[in-house]
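Residue-level listing of the chains:
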Amino acid sequence: MSDKIKYLLEENQIPKTWYNIAADLPKPLAPPLHPGTHKPIGPDDLAPLFPMALIGQEVSQEREIEIPEPVREIYKQWRPSPLFRAKKLEKNLDTPAKIYYKYEGVSPTGSHKPNTAVAQAFYNKEEGTKKIITETGAGQWGSSLALACSLFKIDLDVYMVKVSFEQKPYRKLLMQTYGARCVASPSNETNTGKAILKKDPNNTGSLGIAISEAIEMAAQKDTTKYSLGSVLNHVLMHQTVVGNEAIKQMEMAGDYPDIIVGCTGGGSNFSGLAFPFIGKKFRDKKNIKVIACEPRSCPSLTKGKYAYDFGDTGNLTPLVKMHTLGSSFIPPATHSGGLRYHGMAPMVSHLKELGIIDAKAFGQKECFDVGVKFANVEGIVPAPEATHAIKGAIDEAIECKKNGKSKTILFNLCGHGHFDMKAYSDYFENKLAEDVYNEAEVNKALEALPKIA
Ligand SMILES: *Cc1c(COP(=O)(O)O)cnc(C)c1O
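Residues numbered from 1 in each chain as written. Predicted model: local features only at pLDDT ≥ 70, side-chain atom pairs only at ≥ 80, totals over all residues. Heavy atoms only, no water.

Student: Where do I start with the pattern of salt bridges in this structure?
Tutor: According to the stated counting rule, one finds 24 salt bridges in the structure shown. One salt bridge connects D420 with K168, and the closest N-O pair in it is separated by 3.9 Å. Here D420, found in the loop between β15 (408-413) and α18 (421-428), pairs with K168, found in the loop between α7 (162-167) and α8 (169-177); they are 252 residues apart in sequence, far enough to count as distant. For D420, a relative accessible area of 8% corresponds to the buried category. (Salt bridge = Lys/Arg side-chain N within 4 Å of Asp/Glu carboxyl O. Helix = DSSP H or I, 4+ residues; strand = E, 2+ residues; numbered from the N terminus. Buried < 20%, exposed > 50% of the residue type's maximum accessible area, 1.4 Å probe, protein only.)

Shown next as structure tokens:
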């Protein structure tokens, strides 16, 4: 075992393929259904919104899908991302566990999101898309797609959840810097937005609402397309470049993870790291424990119902089977903006149902506690979302200390928190809101789930 703490790959070791977990599932995913007929949808139903290449990837059963050369070229700017051994954290915790983390904060926008943004912009450009329309919560996705669209010269409109638009001006300015147009959602530009504002002029927005607005606009023209930063199969697959690299880097370290941890909003960074290892578990019987970590105030995996639901509040999307808190549920405004979504990726939900992954929910304060500890010992200020993964990893390391077992833990440090210092300020000033999980609201939202025969 080496004393190294940093495991780097050469540029030419950027993986040549993404990993498609659909090829190895013991049981296939439930199909997405048409919201009107409740029959499985086909490629034609999605064609107004996505380029055919991405629709093909969404339903592909091929295990390895080639990363196009122009996408690998752009990945080179920050990929392969480093894998670190958190030796100082291990010492601080006095644990026999070995803790590794893959650091995705090295991308130009500071998170894992450009891994799929660049791929999506590439396929859109290939098929003649002139403008992409999307939504964003805290702004990580909007700024990453803005970067990708500027590289491929595609126009971009972003509907940004109003509470973040007002509280987080810097992400909005970053999108503007990359040439995108950013609009507070709900807006007066769409039927969905207008209807919501008419009922509730002070509505502060949600991802579900912003998705409806973006889809409504994107569906209007052939040359405008929609793009989503998480949840869908092809998005999760693009993120597997992370795990494919990590497999090689763990080899360099002469180690293999017993436990993999990631935070889950829609599930993409978690899947990106975990799926290639889960694939090895399916094929090579390499046992591994995988833990998805989510906020207690928006606990789709730990408290949600596994059922067919809409992906958006305006009910414009196909129905997908997932863990959901109900598409009309509006999660409370916490600082982990990227984790405030009513549902979870169907693929992640499916693996949870099959017992292949575990899930845990954590409170805001306990996550910031470990975020600040991590910054002090390892030197990187984590994004508020990523503190959930740190919390999950530290809990496992403490467990190792209690039972005297040395396990190897690998987690995804999916982004840095440089744009989130207001959240840290609230933490230091003891102003973090309590974690509210409003069961009555969730039950009300769940009553409205579509009834599938
Ligand atoms: C968007 C985002 C998330 C949540 O999305 P996933 O699809 O679950 O990864 C988590 N962390 C960061 C830093 C993000 O930008």
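On we go.
Student: Can you help me understand the site of the ligand in this one?
Tutor: In the vicinity of the ligand there are 17 residues, among which K113, S230, G265, S268 and N269 approach most closely. Here S230 contributes a side-chain N or O atom positioned 2.5 Å from an oxygen atom of the ligand. Contacts to the ligand include N269, whose side-chain N or O atom sits 2.7 Å from an oxygen atom. Here the shell around the ligand is composed, by residue class, of 4 nonpolar, 11 polar and 2 charged. (Near = heavy atom within 4 Å. Polar contact = N/O pair within 3.5 Å; in protein donor to acceptor, adjacent residues only side chain to side chain. Nonpolar A, V, L, I, M, F, W, Y, C, P; charged D, E, K, R; others polar.)

Student: So what exactly am I meant to see when it comes to the packing of helix α9 (residues 191-199) against helix α10 (residues 207-218) here?
Tutor: Each pair of packed helices can be described by the angle between their axes along with the distance between the axes. The N-to-C vectors of α9 and α10 enclose an angle of 140 degrees; their axes lie 8 Å apart at closest approach. Taken together, α9 and α10 sit at an angle that is classed as oblique. In this structure, α9 contributes N191, T192, G193 and I196 to the contact, and α10 contributes I209, S212, E213 and E216. The residue inventory of the contact of α9 with α10, partitioned by class, reads 2 nonpolar, 4 polar and 2 charged. (Axes fitted to C-alpha atoms, helices over the stretch in contact; angles between N-to-C directions. Parallel < 35°, antiparallel > 145°, perpendicular 65-115°, else oblique. Contact = heavy atoms within 4.5 Å.)

Student: Even after reading the chapter, I still don't get the state of the cysteines, so can you show me in this structure?
Tutor: Cysteine pairs can be linked by a disulfide, which is a covalent bond between their two sulfur atoms. One pass over the full model with this rule turns up 0 disulfides. The closest cysteine sulfur to the non-disulfide-bonded C367 is located on C293, 8.0 Å from its own sulfur. C367 gets classed as buried once you look at its relative accessible area, which sits at 1%. C400 takes part in no disulfide bond, and the closest cysteine sulfur, belonging to C293, lies 15 Å away. Take C400: its relative accessible area is 4%, and that puts it in the buried class. (Disulfide = S-S within 2.5 Å.)

Student: Mind showing me how you'd approach the packing of helix α2 (residues 52-59) against helix α5 (residues 114-126) here?
Tutor: Orientation of α2 relative to α5, taken along the N-to-C sense of each, is 130 degrees, at an axis distance of 8 Å. Taken together, the axes of α2 and α5 are oblique relative to one another. Along the contact surface, α2 presents A53, L54 and Q57, while α5 presents Q120, Y123 and N124. Grouping the amino acids of the contact of α2 with α5 by side-chain chemistry returns 3 nonpolar, 3 polar and no charged.

Student: Help me out: how do you make sense of the pairing of strand β13 (residues 319-324) in this one?
Tutor: A regular strand carries its side chains on alternate faces of the sheet. Counting buried residues along β13, 5 of its 6 residues qualify, which places the element largely inside the surrounding structure. As paired elements, strand β12 (residues 305-310) and β13 share 6 bridges and run antiparallel to each other. When the sheet's bridge partners are listed, F310 is paired in β13 with L319. (Pairing = 2+ DSSP bridges.)

Student: Quick question: what am I supposed to make of the sheet that holds strand β1 (residues 6-7) here?
Tutor: Each strand in a sheet pairs with another by means of backbone hydrogen bonds, the pair being arranged parallel or else antiparallel. Taken in spatial order, the 7 strands of this open sheet run β1-β4-β5-β15-β10-β11-β14, and their pairing is mixed. Whereas interior strands pair on both sides, the edge strands pair on one side only; in this sheet they are β1 and β14 (358-362). Looking at chain direction, strand β10 (residues 259-263) and strand β11 (residues 289-295) are connected through 5 bridges and run parallel. Paired with G262 across the strands is A292, a residue of β11. Each of β5 (98-103), β10, β11 and β15 is contacted by helix α13 (residues 268-284), which is oriented at about 160 degrees to β10, the strand it contacts most. Lying on the sheet, helix α16 (residues 364-378) is in contact with β4 (83-85), β5, β14 and β15; it crosses β14 at an angle near 95 degrees.

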